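# Report on the structure
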Amino acid sequence: MSTAARKPQRRGTTPRPDQLGQRPACADAHQTSPATAPASLDRLERATVGLEPPFAVVDLDAFWANAADMERRAAPKPIRLASKSLRCRALQERVLERPGFAGTLAYTLPEALWLAEHGFQDIVVAYPSADRHALRELVRLSAQQPETRVAVMVDCAAHLDLLDAAGASAQTPVRVCLELDAGLWLLGGRLRIGAKRSPLHSAAQAAALARQILARPGLRLVGMMAYEAQIAGLGDLPAGDALALRARALAIRALQAASARELAARRAAAVAAVRALAPLEFVNGGGTGSLHLTAREAAVSEIAAGSGLYGPALFDGYRAFRPRPAALFALPVVRRPGPGVATALGGGYLASGPADRARLPRPHLPAGLRLDGQEGAGEVQTPLLGAAADALRVGDRVWLRHAKAGELCERFASLHLIEGECIVEEVPTYRGEGQCFL
């Protein structure tokens, strides 16, 4: 296991509320105890009374409760923070100050380089990069600031060739991390369940690429990673009471249990095969949805997670844990087309993944609202149905949750941080800092 990296310190680079044009809503940030502060409609309305929607908030009482729960489920392994799940540098800095979190799992190389400029250390880039300019910058950073420790993901010889072409040299080798496919293969590999990521599935394949890395003096193999999307990213508690849904839930649980057993043995074998060739600083696995399972594996030294901090709507479909909703967005009601309908402005913030209803934002407060099956959540308007709609007037607010975590931050320049019944700070998202990494 790698030693914990120096935590990034806040240096005054993150704008304060007055710099963003938003002052705290009240002077006493602790009018309501964080341990007893539910995300009620009244509480949210009192905290944000001076704001005009649309806007996004993070309920810090829920956020830090989720962080503590994640640390408990991952123990004794540290959690490498998945930056794509937050996309807010100020919050990432604060999470990394906690003893249960160490290091960052970035999602693009340009993002990792930008974070390194702001003092972040021990960064692993979760996805391979073909960005030649960024790879040259990585080579430069490896030479000039080796203490920053940025490792880029590789899973084939083509990735190694790109690094060589970028100028990687024996004098300042670039740190690389080898990714193992975590999917479950059935029927001799004819049926493959899991995200289509690395082509390296067996211990022999992982060792073969490790030998290629070791044969290139400009590269240094420092870690391995395997992300079990079919376990960590798939809820096992589908909504509804229909017999078909219950059958699907049982099938998902059986598949996940079988996959966890298979992966634990295969990952251990792959790690052993690679470690026989070179020492590894870390072996990364898991995700928010599998913290409690992956942490049990002796071959894994750290867990990657981040989405559970915001508690997005997709996590409502998990049995093992239930994060508190921490990231919310408010929309204004601008129309009342008829009885039982209130139409909000905007709201078409769909999550990535398969195009199904699970990727739509979810009405949260007031309780009793639902999306219209014909319109869903739209670019310019979102009709909301239900008995609760009749109590809404033009100018009122409705509160929704994004299906996923950090993608919400691509829609807003800032997040209003709430403690108790107060806005205590406004912090910029990546978008608010002028960054767009994909």
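Cut-offs applied
- Residues numbered from 1 in each chain as written.
- Predicted model: local features only at pLDDT ≥ 70, side-chain atom pairs only at ≥ 80, totals over all residues.
- Heavy atoms only, no water.
- Helix = DSSP H or I, 4+ residues; strand = E, 2+ residues; numbered from the N terminus.
- Buried < 20%, exposed > 50% of the residue type's maximum accessible area, 1.4 Å probe, protein only.
- Contact = heavy atoms within 4.5 Å.
- Areas by Shrake-Rupley, 256 points an atom, 1.4 Å probe, with all protein chains shown as cover.
- Pairing = 2+ DSSP bridges.
- Core = buried A, V, L, I, M, F, W, Y, C linked by side-chain atoms within 4.5 Å.
- Expected span 1.5 Å × (residues − 1).
- Arc of directions from axis to C-beta.
- Axes fitted to C-alpha atoms, helices over the stretch in contact; angles between N-to-C directions.
- Parallel < 35°, antiparallel > 145°, perpendicular 65-115°, else oblique.
- Left-handed = near helix turned anticlockwise from the far one by under 90°.
- Salt bridge = Lys/Arg side-chain N within 4 Å of Asp/Glu carboxyl O.
- Patch = residues over 30% accessible without salt bridge, like charges linked within 9 Å, V, L, I, M, F, W, Y side chains within 5 Å.
- pLDDT = per-residue confidence, 0-100.

## Focus: the overall build of the protein
Within the protein, the secondary structure is distributed over twelve helices and 19 strands. Looking at the protein as a whole, 56% of its 438 residues are labelled buried. For the protein, restricting intrachain contacts to residue pairs at least 6 apart in sequence, the fraction spanning at least 24 positions comes to 71%. In the form shown here, the protein has an accessible surface area of approximately 18200 Å², with 55% of it arising from carbon and sulfur atoms.

## Points about the pairing of strand 17 (residues 397–401)
Taken across its five residues, strand 17 has five buried, putting it largely inside the fold. Both faces of strand 17 are covered, namely the face carrying R397, W399 and R401 and the face carrying V398 and L400. The pairing of strand 12 (residues 327–338) with strand 17 spans four bridges and is antiparallel. Its bridge partner being in strand 17, P332 is matched across the sheet by R397. Pairing geometry for strand 14 (residues 362–365) and strand 17, over three bridges, is antiparallel. Paired with L365 across the bridge in strand 17 is W399.

## Section: the pairing of strand 1 (residues 55–59)
Counted residue by residue, strand 1 has five buried out of five residues, so it is predominantly covered. Of the two faces of strand 1, the one carrying F55, V57 and D59 and the one carrying A56 and V58 are both buried. Sheet topology note: the strand 1/strand 12 ladder contains four bridges and is antiparallel. Bridging from a neighbouring strand, F55 pairs with A330 of strand 12.

## With respect to the nonpolar core
Membership of the largest hydrophobic core comes to 95 residues, with the highest contact counts inside it found for F63, L91, Y310 and L415. Counting eleven residues, the second-largest nonpolar core is a separate cluster that includes L51, V57, L365 and I423.

## Some points on helix 8 (residues 203–214)
Given a rise of 1.5 Å per residue, twelve residues ought to cover 16 Å, and the 16 Å separating the end C-alpha atoms of helix 8 matches this to within 8%. Taken together, the buried positions of helix 8 are occupied by A206, A207, L209, A210 and I213. Mapping the buried residues of helix 8 onto a view down its axis gives an arc of 165°, with all of them on the same face. Tucked inside the fold, the buried residues of helix 8 contact strand 5 (150–154), helix 7 (157–165), strand 6 (174–179), strand 9 (219–226) and helix 10 (243–275).

## Considering the packing of helix 8 against helix 10
At a minimum axis distance of 8 Å, the contact between helix 8 and helix 10 shows a crossing angle of 30°. If you check the angle between helix 8 and helix 10, you find them roughly parallel. The two elements helix 8 and helix 10 meet at a crossing, and its hand is right-handed. Side by side, helix 8 and helix 10 meet where A203, A206, A207 and A210 of the first sit next to A269, A270, A273 and V274 of the second.

## Describing unusual backbone geometry
Of note, the bond from P53 into P54 is cis; its omega dihedral lies within 30 degrees of zero at 5°. Examined against the element boundaries, P54 turns out to sit in the loop between helix 2 (41–47) and strand 1. Cis rather than trans, the peptide bond between A75 and P76 has omega equal to 5°. Secondary-structure assignment places P76 in the loop between helix 3 (60–74) and strand 2 (79–82).

## Things to note about the pattern of salt bridges
Between side chains of opposite charge, pairing is possible as soon as their charged atoms come close. Taken as a whole and judged by the stated rule, the model has 27 salt bridges. Between R197 and E179 there is a salt bridge, with the nearest N and O atoms lying 2.6 Å from each other. In this pair, R197 is assigned in the loop between strand 8 (191–193) and helix 8 and E179 in strand 6, connecting sequence segments 18 residues apart. Judged by relative accessible area, which is 24%, R197 ranks as partly exposed.

## Side note on a nonpolar patch on the surface
A cluster of nonpolar side chains, namely L186, L187 and L191, defines an oily patch on the protein surface of about 260 Å² accessible area. Along the chain, L186 falls in strand 7 (residues 184–186). Judged by its relative accessible area of 33%, L186 falls in the partly exposed class.

## Notes on the confidence of the model for the protein
Where the model shows low pLDDT, its predicted coordinates should not be examined in detail. Averaged over every residue, the pLDDT of the protein is 89; the share at 70 or more is 90%. Per-residue pLDDT stays below 50 along residues 1–19; that stretch engages in 51 contacts with residues further than four places along the chain or on separate chains. pLDDT under 50 marks residues 27–38. Its contacts with residues more than four places away, or in other chains, come to 17 contacts.

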